[in-house]
Amino acid sequence: MKNLKKQDPKVYKAIQGEIKRQQEGMELIASENYVSEAVLEALGTVFTNKYSEGYPKKRYYGGQEYTDVVEQLAIDRAKKLFGAEHINVQPLSGAPANMIAYSAVLQPGDKILGMDLSHGGHLTHGHPVTLSAKVYNFVGYKTGADGKIDYDALEKMAMAEKPKMILAGFSAYTRQLNYRKFQQIAKKVGAITMIDVAHIAGLIAGGAIPNPVPYFDIVTTTTHKTLRGPRGGMIMCKEKFAKAIDKATFPGFQGGPHMNNIAAKAVAFGEALKPSFKKYATQVIKNAKVLEKELKKYGFKLMFGGTDNHMVLVDVFGSKGVSGKEAEVALDKIGITLNKNMIPDDPRSPMDPSGVRIGVPAVTSRGMKEKEIEKIAKWINDAVENHKDEKRLKEIHKEVIALCKKFPLYKNLK
Ligand code: DSN
């Protein structure tokens, strides 16, 4: 970064600070990951200069011989990964992808059944603060008494509400979804099926969990979570919705696609097609299972009874009398980054909820395995139980940094 260093030392310094923070910190935010240096290189290219409204071979401006190459590569590789009939790689991120998908097949005011946020859903699945909830009429389904989605209740709700769309997917639910059930229920009421796989896309691509693509009309995702690509979104769909999805993306919702980002998506999808990515996805699940077991051993209550994916949702307040916010702050002090999170029917507030969400995709990318996860669980327990003991927190922080240094990251970045 020699030009940046000379020209803009303030931005350069912040970037160096962030590199060090990522190198020395333990990243347990379930939606984060570390892209490869090849993906970073593709992001920082002259494709950022190019306007390319339209799609490969059907653009509005000239000079598209290379944009067409990278966009087509991204599409073809994503098709191989997920087996989708049609793919649009232009959505800028997950929230736009969801809004585009709704607008492609629904009319304002149409009803969507989506998962309640505090039960594991996502803001864009109908939370009142979002634009989507102002445009569409969302009804939220919840998890049942056993902590899992109650499909009988979902079916009754669908029969009573007659939604135009049934939406599956989540940002904090930790159990495998029954794709077939969603499909069957939607068929009964004549609803379109959509699933947002942002959190689990990499686990699907790596074959570590079943692929929902055959069961759903529309599948949206981000590309930067378990899939380990650049920040961005993507929509997959059945051929019959292809035109509607493409038109809703551009010109319906977005302008020029971010071609540097699409080039980086192509690189990341190429990486996900390699056998090493299968190993990665399998290890993510193994690591999450160890985290589940260890945290339970330390007396933490896990929501939904445990995990089948890459994360756990922990009721820290119910388990240890420490709020989600207090836990997040204490863990930050020891170099472990995660986020406070609501638990189902949380008696506390969103800014200081009962839970924390903990995910292992990033530490697994770093090469950490079962043994390291055991240490992480021990540190989490230690920091939560001693959250007011600054001296103890400092001691643990040193141990966290020492372990991070054994799993180096971005060695060539300067
Ligand atoms: N912010 C992402 C997450 O953490 O799950 C979802 O948008």
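Report follows, based on the coordinates. Every value quoted in this text rests on a predicted model; they were computed, and no experiment measured them. (Residues numbered from 1 in each chain as written. Predicted model: local features only at pLDDT ≥ 70, side-chain atom pairs only at ≥ 80, totals over all residues. Heavy atoms only, no water.)

Of regular secondary structure, the protein chain possesses 17 helices and 15 strands. The C-alpha radius of gyration computed for the protein chain amounts to 22 Å, which stays within 12% of the reference 22 Å derived for 414 residues, consistent with globular compactness. Taken along the three principal axes of its C-alpha coordinates, the protein chain extends 60 × 60 × 35 Å. By sequence separation, contacts in the protein chain at least 24 residues apart represent 71% of the contacts at least 6 residues apart. Accessible surface, the protein chain as shown: approximately 18,200 Å² in total, 55% of it carbon and sulfur. Both charge centroids of the protein chain, one from 63 positive and one from 44 negative side chains, sit 3 Å from each other. (Helix = DSSP H or I, 4+ residues; strand = E, 2+ residues; numbered from the N terminus. Rg over C-alpha atoms; globule rule 2.2 N^0.38 Å. Contact = heavy atoms within 4.5 Å. Areas by Shrake-Rupley, 256 points an atom, 1.4 Å probe, with all protein chains shown as cover. Lys, Arg positive; Asp, Glu negative; His and termini not counted. Charge placed at Lys NZ, Arg CZ, Asp CG, Glu CD.)

Moving on to the sheet that holds strand β4 (residues 86-88). Taken in spatial order, the seven strands of this open sheet run β4-β10-β9-β8-β7-β5-β6, and their pairing is mixed. Taken across any chain shown, the strands that pair with only one partner, and hence form the sheet edges, are β4 and β6 (137-141). Geometrically, the sheet is characterised by an average inter-axis angle of 20° between neighbouring strands, direction not taken into account. For β4 and strand β10 (residues 233-237), the ladder comprises three bridges, and the chain directions are antiparallel. (Pairing = 2+ DSSP bridges. Axes fitted to C-alpha atoms, helices over the stretch in contact; angles between N-to-C directions.)

We now examine the layout of surface pockets. Taken as a whole, the largest pocket holds about 750 Å³ of empty space. Along the walls of the largest pocket sit 25 residues, with V35, L40, L43, Y410 and L413 positioned nearest its centre. Of all the secondary structure elements, the ones that give two or more residues to the lining of the largest pocket are α2 (9-24) and α3 (37-43). No other element matches α2, which puts five residues into the lining of the largest pocket. Broken down by secondary-structure element, the contributors of at least two residues to the lining of the second largest pocket are β5 (111-115), β6 and β14 (339-341). (1 Å grid on protein atoms, 1.4 Å probe; cavity = no way out; pocket = protein on both sides within 12 Å on 5 of 7 lines; lining within 4 Å. Points joined across faces, edges and corners; volume = space filled by probe spheres on them.)

Scanning the model with the defined rule gives 20 salt bridges in all. Linking K142 and D345 is a salt bridge whose minimum nitrogen-to-oxygen distance equals 3.6 Å. Pair noted here: K142 is in the loop between β6 and α7 (151-161) and D345 is in the loop between β14 and β15 (355-359), with a separation of 203 residues, a long-range link. Residue K188 is joined to E155 by a salt bridge in which the shortest nitrogen-to-oxygen separation is 2.5 Å. Placement of K188 in helix α8 (residues 179-189) and of E155 in helix α7 is noted, with a sequence separation of 33 residues between them. The exposure class of K188 is exposed, given its relative accessible area of 55%. (Salt bridge = Lys/Arg side-chain N within 4 Å of Asp/Glu carboxyl O. Buried < 20%, exposed > 50% of the residue type's maximum accessible area, 1.4 Å probe, protein only.)

For the rest of this paragraph, the subject is helix α4 (residues 65-82). Compared with an ideal rise of 1.5 Å per residue, which puts 18 residues at 26 Å, α4 spans 26 Å between its outermost C-alpha atoms and is within 8% of the ideal. Looking at the buried positions of α4, the neighbouring elements they touch are β2 (54-55), β3 (58-59), β4, α9 (201-205), β10 and α11 (259-272). Backbone geometry just after α4 places G83 at a positive phi near 65°. (Expected span 1.5 Å × (residues − 1).)

We now examine the environment of D389. Within the secondary structure, D389 sits in the loop between α16 (370-385) and α17 (390-406). On the accessibility criterion, D389 (33% relative accessible area) is partly exposed. A sequence separation of 312 residues divides D389 from R77, and the C-alpha atoms of the two residues are 50 Å apart.

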